[in-house]
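Understanding the architecture of this molecule
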Amino acid sequence: MPERLEQPLPTWRRLYENGTVRKTVLLLVLALMWEGYARVLDNPLLFPTLTATVSALLASTRSGELPRAIAYTLTLLLEGYVLGLVCAALLTALASVSKIGADLLEMLTSMFNPLPSIALLPLALIWFGLGNGSVIFVLVHAVLWSVALNTYAGFRALSPTLRMVGQNYGLSSVGFITKILIPGAFPGILTGLKVGWAFAWRTLIAAELVFGVSSGSGGIGWFIFEHKNQLLIPEVFAGLLTVILFGLFVEHVIFRTIEERTVRRWGMQV
Amino acid sequence: MLLQAIGVTLQYRTADRVVTATRDVSFSVDRSDRFVILGPSGCGKSTILKSVAGFVTPVAGRILLNGATVTRPGPDRVVVFQEFDQLLPWKTVIQNITFALTAGGRLPASEAAARARHYLEKVKLTASADSFPHTLSGGMKQRVAIARAMAMEPQVLLMDEPFAALDALTRTQMQEELLQLWTDTKITILFVTHSIEEAIRIGNRILLLSAHPGTVKAEIHSAGIDEADVNGRLLSARIHAQLFEDANA
């Protein structure tokens, strides 16, 4: 009988090696524990069941209350995020053309990065009043430093060889920046965008909890806060679940897709 | 005379001092020469190449291409570097070549694509046209870099130890392929190396530089093989003696 050089693993072993299967099973177990514990506790004011949370989620989606809150939050998020990116681009450009600019970026980043954006909210309220302006201000602060620092690090990490190759092509300076520098620094830029997004998302929900309402409409944070005041705890849980799901979606679907189509495909992971 | 260096002195700056890399280096390269600059590390040979490319400006002397002073980098003097990361990682092999041709607005896209395929064929990499650089071996990356540089059809092809980071077998093969490409195109090559053996094989003229700072020792002709002279001394032995006689004296 010839020696068998390869043989299939048993079925359970193959399933165990599959990360998606493992995580799905874990998720199911956690969901069952939630449901079981809530049923035993039998106190919907403290800890509603999973089924109650899901039906609250569906109900507030159907009534349009939750979609409105999501849309409100996303609009604010985008405004703050884009404004933060513009500021970061300016700061990075300044840092790229002069040593003083680079020192300034480094100094400002090390000063302000450890400062949680939400700590600026009281001050922002005095400066910009009870409105979206204050929220956007803290959002810009959340996005700006990490994006500027990582983008600048990306530019610095671009190899001198690649710079010389770019200069060899006879590109204009605008062409050199858009066709060599920015794609070359893209791994750093993407890291900055991811970290900036994570800060912005957490900051925004927190800011909305403090005050997130203007002219009668509020975001997801406000949705959570308001339902807590009305003791509608399943809705509070539904709000939290929405925050989690949206965060997962952005991090694992949007950014993962961008990563796979760019830096992974190019072999440029940092 | 295609390319001329006249009394070129080059300096570079570190954090606390100015270092003279070469002093008063002169040479001239004719069309279709395979001109090799050979010297030990520290003789400033790469710096000379970079100044011909226009990346480094001489503090004294001039570099002339077709009689005009070189002031900045340009597509008429393309460099093939030693480093494997000289290809743009976000472009495929074929895109790397076509981009080099269209970037400065020098060629329309269709013409660039045809020329890129032509040169890719010359380095026998048609099969990898749509691969990204990080999936290629070191030798293949250097081949793409050479194809890209040749596709730009420069006045002079500048090669900065392009095979130094390759394994010995691949290096020998690449040297042969380069000579074959030269036979096909008669392109002018300025080649920098610290390997006497490589200089003899690649060059028809070899410029010997001494180190600290780089100054011209001699210029030697090579027929491509390590011949013995009338006294029975091999060319490589003579070059070695010329390069290092001061150190031994």
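This is a predicted model, so every value here is computed, not measured. (Residues numbered from 1 in each chain as written. Chains lettered and ligands numbered in written order. Predicted model: local features only at pLDDT ≥ 70, side-chain atom pairs only at ≥ 80, totals over all residues.)

Concerning the overall build of chain A
Spelled out, the test is: Numbered from the N terminus, helices here are DSSP runs of H or I no shorter than four residues, and strands are runs of E no shorter than two. The size measure is the radius of gyration over C-alpha atoms, and the globule rule it meets is 2.2 Å times the number of residues to the 0.38 power. Field definition: a residue is buried when 20 or more other C-beta atoms are found within 10 Å of its C-beta, exposed when 12 or fewer are, and partly exposed for counts in between, with C-beta atoms placed from the backbone. Contact between residues is assigned whenever the C-beta positions, reconstructed from backbone atoms, fall within 7 Å.
Summing up its helical and strand segments, chain A has 12 helices and two strands in all. N-terminal to C-terminal, the α/β element order of chain A is α-α-α-α-α-α-α-α-α-α-β-β-α-α. Against the compact-globule benchmark of 18 Å for 270 residues, chain A has a radius of gyration of 24 Å, which places it well outside the compact range. Taking the principal axes of the C-alpha coordinates as reference, chain A spans close to 85 × 70 × 30 Å. By residue count, 33% of the 270 residues in chain A fall in the buried class. Expressed as a percentage of contacts within chain A between residues at least 6 apart in sequence, the contacts between residues at least 24 apart total 69%.

Side note on the overall build of chain B
Counting its secondary structure elements, chain B contains seven helices and 10 strands. By the compact-globule yardstick of 18 Å for 249 residues, chain B fits well, its C-alpha radius of gyration being 18 Å. Its C-alpha atoms put chain B at 60 × 40 × 35 Å along the principal axes. Here chain B holds 249 residues, and 43% of them are scored as buried. Within chain B, counting contacts between residues at least 6 apart in sequence, those at least 24 apart form 68% of the total.

Examining the domain arrangement of chain A
Our working rule: An automatic or database domain assignment provides the domain bounds reported here.
The domain boundaries assigned to chain A delineate domain 1 (11–41) and domain 2 (50–261). Each of domain 1 of chain A and domain 2 of chain A has a C-alpha centre, and the two are 32 Å apart.

So, the environment of Q242 of chain B
Residues and elements named next belong to chain B. Relative to the elements of secondary structure, Q242 occurs in helix α7 (residues 235–248). Separated by 77 residues in sequence, Q242 and A165 have C-alpha atoms that sit 26 Å apart. The residues touching Q242, leaving out its near neighbours within four places in the chain, are L208, K217 and A218.

Some details on the sheet that holds strand β7 (residues 156–160) of chain B
Residues and elements named next belong to chain B. Where we set the bar: Two strands pair if DSSP finds at least two bridges between them. In this analysis an axis means a line fitted to C-alpha atoms, helices contributing only their contacting stretch, and an angle means the value between N-to-C directions, from 0 to 180 degrees.
With mixed pairing, six strands are arranged side by side in an open sheet as β6-β7-β8-β3-β9-β10. Bordering the open sheet on either side are β6 (77–80) and β10 (215–221), each of which pairs with just one other strand. Looking at each pair of strands side by side, their axes are set apart by 20° on average, direction ignored. Looking at chain direction, β7 and strand β8 (residues 188–193) are connected through five bridges and run parallel.

With respect to the pairing of strand β1 (residues 3–13) of chain B
Residue and element names in this part refer to chain B. The pairing of β1 with strand β2 (residues 18–29) spans eight bridges and is classified as antiparallel. Bridged to L3 within β2 is V29. Counting the residues between successive antiparallel strands, the hairpin from β1 to β2 contains four residues. Where β1 lies against strand β4 (residues 60–65), five bridges are found, and the strand directions are antiparallel. The residue of β4 that forms the bridge with A5 is I63.

As for the sheet that holds β1 of chain B
Residues and elements named next belong to chain B. Reading across the sheet, the four strands line up as β2-β1-β4-β5 and stay open at both edges, with antiparallel pairing between neighbours. The open sheet has two edge strands, β2 and β5 (68–69), and neither has a second partner. Bridge analysis of β4 against β5 gives two bridges, and the strand direction is antiparallel. Directly across from L65, in β5, lies its bridge partner A68.

Re the confidence of the model for chain A
Which entries qualify depends on this criterion: Summary of the metric used: pLDDT quantifies the predictor's per-residue confidence within the range 0 to 100.
Per-chain confidence: chain A averages 88 in pLDDT, with 96% of residues scoring 70 or above. For chain A, strand β1 (residues 213–214) of chain A is the element with the lowest average pLDDT, namely 56, and helix α3 (residues 50–62) of chain A is the one with the highest, namely 93.

What to know about the interface of chain A and chain B
Here is the rule we go by: Gly is put with the polar residues, along with every residue not named as nonpolar or charged; the nonpolar set is Ala, Val, Leu, Ile, Met, Phe, Trp, Tyr, Cys and Pro, and the charged set is Asp, Glu, Lys and Arg.
Across the contact, 17 residues belong to chain A and 17 residues belong to chain B. Put simply, the parts of the chain that give the side of chain A that touches chain B at least two residues each are α8 (160–168) and α9 (173–184) of chain A. With six residues, the single largest contributor to the side of chain A that touches chain B is α8 of chain A. Looking at the side of chain A that touches chain B residue by residue, the class counts come to eight nonpolar, seven polar and two charged.

Focus: the packing of helix α4 (residues 65–97) of chain A against helix α10 (residues 186–210) of chain A
Residue and element names in this part refer to chain A. Where we set the bar: Angles below 35 degrees are treated as roughly parallel, those above 145 as roughly antiparallel, those between 65 and 115 as roughly perpendicular, and all remaining angles as oblique. Take the far helix as the reference: if the near one is turned anticlockwise from it by less than a right angle, the crossing is left-handed, and if turned clockwise, right-handed.
In the contact formed by α4 and α10, the axes pass within 10 Å of each other and the chain directions differ by 135°. When the axes of α4 and α10 are compared, the pair comes out oblique. Seen along the crossing, α4 lies across α10 with a hand that is right-handed. Contacts from T73, L76, L77, G80, Y81 and G84 of α4 reach α10 at G196, A200, W201, L204 and E208. Split by residue class, the contact of α4 with α10 holds six nonpolar, four polar and one charged.

What to know about the domain arrangement of chain B
All names here are of chain B. You can read the domains of chain B as domain 1 (3–76 + 154–248) and domain 2 (88–153). Contacts between domain 1 and domain 2 engage 12 residues on the former and 10 residues on the latter. Take the side of domain 1 that touches domain 2: its biggest share by element is four residues, from helix α5 (residues 168–185). Along the lines of polarity and charge, the residues of the side of domain 1 that touches domain 2 split into 10 nonpolar, two polar and no charged.

Quick look at the confidence of the model for chain B
Residues at a pLDDT of 70 or more form 98% of chain B, whose mean pLDDT is 85. Taken over the whole predicted complex, pTM reads 0.82, whereas the ipTM for its chain interfaces reads 0.85.

Section: the environment of R62 of chain B
Residues and elements named next belong to chain B. Take R62: it is sitting in strand β4. For R62, a count of 13 C-beta atoms within 10 Å translates into the label partly exposed. Separated by 10 residues in sequence, R62 and V52 place their C-alpha atoms 9.6 Å apart. Residues in contact with R62, not counting those within four places in the same chain, are I6 and T69.

Overview of helix α6 (residues 121–128) of chain A
α6 of chain A sits mainly on the outside: zero of its eight residues count as buried. Trailing α6 of chain A by a residue or two, G129 of chain A shows a phi angle of about 80°, which is positive.

Focus: the nonpolar core
Residue and element names in this part refer to chain B. To keep it simple, the criterion reads: Among buried residues, those of type Ala, Val, Leu, Ile, Met, Phe, Trp, Tyr and Cys that are joined through C-beta atoms within 7 Å form a set called a nonpolar core.
Core analysis: the biggest nonpolar cluster contains 72 residues, and A147 and L158 have the highest contact counts within it. At eight residues, the largest contribution of residues to this core is made by helix α4 (residues 138–151). A domain split of this core shows at least three residues from each of domain 1 (3–76 + 154–248) and domain 2 (88–153). Once residues within four sequence positions are removed from consideration, A147 is found in contact with I97, Y119, L120, K122, V123 and L125.

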